[in-house]
Amino acid sequence: MAENDKNQKQINIELDEKTAEGTYSNLAIINHSVSEFVVDFISMMPGAPKAKVKSRIVLTPQHAKKFLKALSDNVTRFEQAHGTIKDYEQPPIPLNFGPTGEA
């Protein structure tokens, strides 16, 4: 096992102050093509007729699947520690989001 530890490389990840603040999102729209997944994170205000994409993340299909598994694992651990997350029914939101992406 010590041999495996020596062969693993460490990655130093930097996080600047602005990025560390985060961006609030209460809606995500996901599109995909054969080569990529595009996730747009949006902040919608109740009653406002307009919303703006705050962040767009583009992933390969392989990374999208890894992200799905990591998020699912984290939600499971959160619910084990804090109880079930309730999924409240929301009325459908009519979205005018422009054309879907193609790669």
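Just above sits the structure.
Report on the accompanying structure. Because the structure is a prediction, the values reported are computed rather than measured. (Residues numbered from 1 in each chain as written. Predicted model: local features only at pLDDT ≥ 70, side-chain atom pairs only at ≥ 80, totals over all residues. Heavy atoms only, no water.)

**Section: the overall build of the protein**
Here comes step 1: Assigned secondary structure in the protein consists of three helices and three strands.
Here comes step 2: Along the protein, from the amino end to the carboxyl end, the secondary structure elements read α-α-β-β-β-α.
Here comes step 3: For the protein, with 103 residues in total, the buried portion stands at 11%.
Here comes step 4: Of the contacts made within the protein by residues no fewer than 6 positions apart, 28% connect residues no fewer than 24 positions apart.
Here comes step 5: As displayed, the protein offers around 9900 Å² of accessible surface, 56% of which is attributable to carbon and sulfur atoms. (Helix = DSSP H or I, 4+ residues; strand = E, 2+ residues; numbered from the N terminus. Buried < 20%, exposed > 50% of the residue type's maximum accessible area, 1.4 Å probe, protein only. Contact = heavy atoms within 4.5 Å. Areas by Shrake-Rupley, 256 points an atom, 1.4 Å probe, with all protein chains shown as cover.)

**Some points on a nonpolar patch on the surface**
Here comes step 1: There is a patch of nonpolar side chains on the surface, built from Phe67, Leu71, Val75, Phe78 and Ile85 and spanning about 450 Å² of accessible area.
Here comes step 2: With respect to the helices, strands and loops of the structure, Val75 is situated in helix α3 (residues 61-82).
Here comes step 3: Exposure remark for Val75: the relative accessible area of 32% places this residue in the partly exposed category. (Patch = residues over 30% accessible without salt bridge, like charges linked within 9 Å, V, L, I, M, F, W, Y side chains within 5 Å. Salt bridge = Lys/Arg side-chain N within 4 Å of Asp/Glu carboxyl O.)

**Side note on the environment of Ser33**
Here comes step 1: Along the chain, the position of Ser33 falls in the loop between β1 (27-32) and β2 (37-43).
Here comes step 2: With 28 residues separating them in the primary sequence, Ser33 and Pro61 have C-alpha atoms 9.0 Å apart.

**Overview of the side chain of Asp40**
Here comes step 1: For Asp40, the location among the structural elements is in strand β2.
Here comes step 2: Asp40 sits in the buried class, given a relative accessible area of 0%.
Here comes step 3: Reaching out from Asp40, the side chain makes a polar contact with the side chain of Arg56 at a distance of 2.6 Å. (Polar contact = N/O pair within 3.5 Å; in protein donor to acceptor, adjacent residues only side chain to side chain.)

**Description of the pattern of salt bridges**
Here comes step 1: Per the counting criterion, the structure on display carries two salt bridges.
Here comes step 2: Across the pair Arg56 and Asp40 runs a salt bridge whose closest N-O atoms are separated by 2.6 Å. Of the two residues, Arg56 is situated in strand β3 (residues 52-59) and Asp40 in strand β2; the sequence distance between them amounts to 16 residues.
Here comes step 3: Owing to a relative accessible area of 53%, Arg56 belongs among the exposed residues under this scheme.
Here comes step 4: Where Asp73 meets Lys69, a salt bridge forms, and the shortest distance between an N and an O atom there is 2.9 Å. One end of the pair is Asp73 and the other is Lys69, both in helix α3 and four residues apart, which spans about a single turn.
Here comes step 5: Residue classification places Asp73 among the partly exposed positions, given a relative accessible area of 32%.

Worth remembering: the numbers are spatial, not functional.
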